[in-house]
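Next come the chains, spelled out residue by residue.
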Amino acid sequence: TGSVIIVGAGHAGFQLAASLRQAGFAERIALINDEGHLPYQRPPLSKAYLKGTGGPETLMFRPDKFYQDNEIELITDRAHAIDRNARKVALASGASLDYGHLVFATGARNRLLDIPNARLDAVRYLRILDESQALRDLIAPGMRVVVIGAGFIGLEFAATARAKGLEVDVVELASRVMARAVTAEISEFSQSRHSAAGIRIHLGVQVTAIEADGGKVTGVSLSNGTHIPADLVVVGVGVLPNVELAAEAGLPVASGIIVDEHLLTADPNVSAIGDCALYTSKRFGGSLRLESVQNATDHARCVASRLTGKTEVYDGLPWFWSDQGPDKLQMAGLTTGYDRVVVRGDRAQGAFSAFCYRGDKLLGIESVNRAGDHMFGRRLLGAGGSITPEQAADASFDLKSALS
Ligand code: FAD
């Protein structure tokens, strides 16, 4: 294989470097990292880290020594251009690296809001450690924040901000929260919990402008004519995959860097993994680009196996979680295309799961405070199994019996 150069040191890039060494890969590994921190975990940025008092070191996957001990070169720089014929990566600093195999693990970046005053200092995003740190230092009891977007990150931030005593409004264009990701059952439950915590949720409306006075944010205007006063605006309207470097190198890209079922691009010396990769899924029969820790780390392990001689088709089962206030949401499988939902557990008690079916086939399970159902779903769906809608609905049916 020769040297493996990994562009991006997030969940995917870090895991690939670690898994390669674990599998006995003996050649050069360089991890190009354009953030000024050791590789770190992203999920806590909108959860525990934002809420807590721990320092950045609490987020790191491994201390500095790990990279030295494992001879993983952590290069703080930015990959600037790829020459695929010469197999070279040019870095922003002017240096250049030769590769045997190149891996794009470039992730995604915030989609920026394009409305009046969106560039003011009090309009913030939440993707990287520096942004989370800045928000943590900024938010204080009594402050009024408008969150734009009721996706996972927007709602996680909203719950934390509310718990810290801020006045919180969430504005969402869709007719329910997390509409792209979860069933209506989960959306409705989540909305009721956030409302009960004192968060005001505005659905089916758009923020048309941010209002300011002398550079200071004073509020937002909505498409229905409403005005919400605010000191701070936090935007969570999705991400754009970082595909430009691959595209400029002449590799096919669409809504991600296009890779096959082995996570290989059109160039046999170049792979792409994690949030930036649009991969061919054998399991789901189509192209998928997912944004999750599971996807990033399982992709990394698959490529590490291939580069150390064990080529296998990528077949990870998608799963995801989100912590919002006191509630833990967990998803196993992909529920796209479901036509029937069976609820198991007790919605009123705040612990239930939505089993999503297409016909009689179980596609996925979305759980709220039901970790057992989630783990069951990961094992069952991972093995290609199913249970009937009647069994899912029957509280006396023993899920474990379906696993044997
Ligand atoms: P990233 O983690 O985005 O890493 C890519 C890295 O590459 C970045 O550091 C980027 O700066 C760098 N890079 C890009 N271009 C270059 C270049 N040219 N040169 C050098 N470096 C470059 N997922 C879950 O499963 N559960 C959760 O609860 C959850 N919570 C989340 C909360 C937040 C606030 C965020 C932002 C994400 C969350 N996610 C969660 C999603 C998860 O973090 C991502 O799916 C995961 O980080 C993807 O890993 P990645 O390595 O593909 O990309």
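Residues numbered from 1 in each chain as written. Predicted model: local features only at pLDDT ≥ 70, side-chain atom pairs only at ≥ 80, totals over all residues. Heavy atoms only, no water.

**A closer look at the packing of aromatic side chains**
Tallied over the full model, the rule gives eight aromatic pairs. Judged by centre distance (5.3 Å) and plane angle (90 degrees), the ring pair of Phe66 and Tyr67 falls under edge-to-face. As far as burial versus exposure is concerned, Phe66 and Tyr67 are alike and both buried. Ring centres of Phe189 and Phe352 lie 5.3 Å apart, and the angle between their planes is 75 degrees; this geometry places the pair in the edge-to-face category. With Phe189 in helix H6 (residues 184-196) and Phe352 in strand E25 (residues 351-358), the pair connects residues that are 163 residues apart, well separated along the chain. Since its relative accessible area comes to 9%, Phe189 is described here as buried. An aromatic cluster of three or more residues is present, and its members are Phe14, Phe61, Phe66 and Tyr67. One residue, Arg347, lies across the ring of Phe352, its end atom 5.9 Å from the ring centre. (Phe/Tyr/Trp six-rings, centres within 6.5 Å; stacked < 30°, edge-to-face > 60°. Buried < 20%, exposed > 50% of the residue type's maximum accessible area, 1.4 Å probe, protein only. Helix = DSSP H or I, 4+ residues; strand = E, 2+ residues; numbered from the N terminus. Lys NZ or Arg CZ within 6 Å of the ring centre and 35° of its normal.)

**A look at the pairing of strand E5 (residues 88-91)**
For a regular strand, the rule is simple: side chains alternate between the two faces of the sheet. Burial of E5 is one-sided: the residues Val89 and Leu91 facing one way are buried, the residues Lys88 and Ala90 facing the other way are not. Sheet topology note: the strand E4 (residues 79-83)/E5 ladder contains four bridges and is antiparallel. Within E5, the position partnered with Asp83 by the bridge is Lys88. Linking E4 back to E5 in an antiparallel pair, the connection comprises four residues, with Arg87 at a positive phi of about 55 degrees. Bridge count between E5 and strand E6 (residues 96-98): three bridges; the pairing is antiparallel. (Pairing = 2+ DSSP bridges.)

**Overview of the environment of Arg347**
Residue position: Arg347 is located in the loop between strand E24 (340-346) and E25. Separated by 21 residues in sequence, Arg347 and Val368 have C-alpha atoms that sit 8.9 Å apart. Not counting chain neighbours up to four residues away, the residues in contact with Arg347 comprise Glu185, Phe189 and Phe352. (Contact = heavy atoms within 4.5 Å.)

**Observations concerning the sheet that holds strand E19 (residues 270-272)**
Strand pairing in a sheet is mediated by backbone hydrogen bonds. Such pairs are either parallel or antiparallel. The five strands are arranged E3-E2-E1-E7-E19 in an open sheet whose pairing can be described as parallel. Edge strands, defined here as strands with exactly one partner in the open sheet, are strand E3 (72-76) and E19. On average, adjacent strands in this sheet sit at an angle of 20 degrees to one another, irrespective of strand direction. Two elements, strand E1 (residues 4-7) and strand E2 (residues 29-33), share four bridges in a ladder whose sense is parallel. When the sheet's bridge partners are listed, Val7 is paired in E2 with Ile32. Across the sheet, helix H1 (residues 11-22) is in contact with E1, E2, E3 and strand E7 (101-104); its angle to E2 comes to roughly 165 degrees. Across the face of the sheet, helix H8 (residues 293-307) comes into contact with E1, E7 and E19 while running at roughly 175 degrees to E7. (Axes fitted to C-alpha atoms, helices over the stretch in contact; angles between N-to-C directions.)

**Examining helix H4 (residues 129-138)**
Listing the buried residues of H4 in full gives Leu129, Ser132, Leu135 and Arg136. Considered in projection along H4, the buried side chains sweep an arc of 130 degrees and stay on one side of the axis. Where H4 is buried, its residues meet helix H2 (48-51), strand E9 (123-125), helix H5 (152-163) and strand E16 (232-235). (Arc of directions from axis to C-beta.)

**Things to note about the environment of Val147**
Relative to the assigned elements, Val147 resides in strand E10 (residues 144-148). Given the relative accessible area of 0%, Val147 is considered buried. Separated by 85 residues in sequence, Val147 and Leu232 place their C-alpha atoms 8.5 Å apart. Aside from chain neighbours lying at most four places away, what touches Val147 is Gly154, Phe157, Ala158, Val168, Asp169, Val170, Val171 and Val234.

**Considering the packing of H1 against H8**
Packing of H1 against H8 leaves a shortest axis separation of 8 Å and a crossing angle of 35 degrees. Here H1 runs over H8; the crossing is right-handed. For the pair formed by H1 and H8, the contact residues are His11, Ala12, Gln15, Leu16, Ser19 and Leu20 on the first element and Val293, Ala296, Thr297, Ala300, Arg301, Val303, Ala304 and Leu307 on the second. Taken together, the residues that form the contact of H1 with H8 break down as nine nonpolar, four polar and one charged. (Left-handed = near helix turned anticlockwise from the far one by under 90°. Nonpolar A, V, L, I, M, F, W, Y, C, P; charged D, E, K, R; others polar.)

**Here we look at the domain arrangement of the chain**
A common measure of how large an interface is: the accessible area buried when the components associate. Each assigned domain of the chain is listed with its residue range as follows: domain 1 (4-109 + 239-307), domain 2 (115-235) and domain 3 (326-402). Placing a centre on the C-alpha atoms of domain 2 and another on those of domain 3 gives a separation of 30 Å. Of the residues lining the interface, ten residues belong to domain 2; the matching set on domain 3 comes to 16 residues. A combined buried area of about 1000 Å² lies between domain 2 and domain 3, and 68% of that area is made up of carbon and sulfur atoms. When the buried area of domain 2 at its contact with domain 3 is split by residue, Glu185, Ile186 and Phe189 rank highest and sum to 52% of it. Taken together, the connections running from domain 2 to domain 3 amount to one salt bridge. (Domains from an automatic or database assignment. Buried area = accessible area lost by both parts, 1.4 Å probe. Salt bridge = Lys/Arg side-chain N within 4 Å of Asp/Glu carboxyl O.)

**Some details on the sheet that holds strand E11 (residues 167-172)**
Spatial strand order, E9-E16-E10-E11-E12: five strands in an open sheet with parallel pairing. The sheet terminates laterally at E9 and strand E12 (200-203), the two strands that pair on one side only. Sheet twist, expressed as the average angle between the axes of neighbouring strands with direction ignored, equals 20 degrees. Sheet analysis places E10 next to E16, joined by four bridges and oriented parallel. Looking at the pairing, Ile148 lines up with Val235 of E16. Relative to E9, H4 is tilted by about 135 degrees, and along the sheet it contacts E9 and E16.

**Overview of the site of the ligand**
Taken together, 33 residues sit near the ligand, with Asp34, Glu35, Lys47, Arg127 and Asp275 positioned nearest. The contact in question runs from an oxygen atom of the ligand to an N or O atom on the backbone of Ser292, over 2.9 Å. At a separation of 2.9 Å, an oxygen atom of the ligand approaches a polar backbone atom of Trp321. Within the complex, the protein chains bury 95% of what would otherwise be the 1000 Å² of accessible surface of the ligand. Secondary structure elements with two or more residues in the shell around the ligand: H1, H8 and strand E22 (319-324). Tallied by class, the residues present in the shell around the ligand amount to 15 nonpolar, nine polar and nine charged. Taken domain by domain, the makeup of the shell around the ligand includes at least three residues from each of domain 1 (4-109 + 239-307) and domain 2 (115-235). (Near = heavy atom within 4 Å. Polar contact = N/O pair within 3.5 Å; in protein donor to acceptor, adjacent residues only side chain to side chain. Areas by Shrake-Rupley, 256 points an atom, 1.4 Å probe, with all protein chains shown as cover.)

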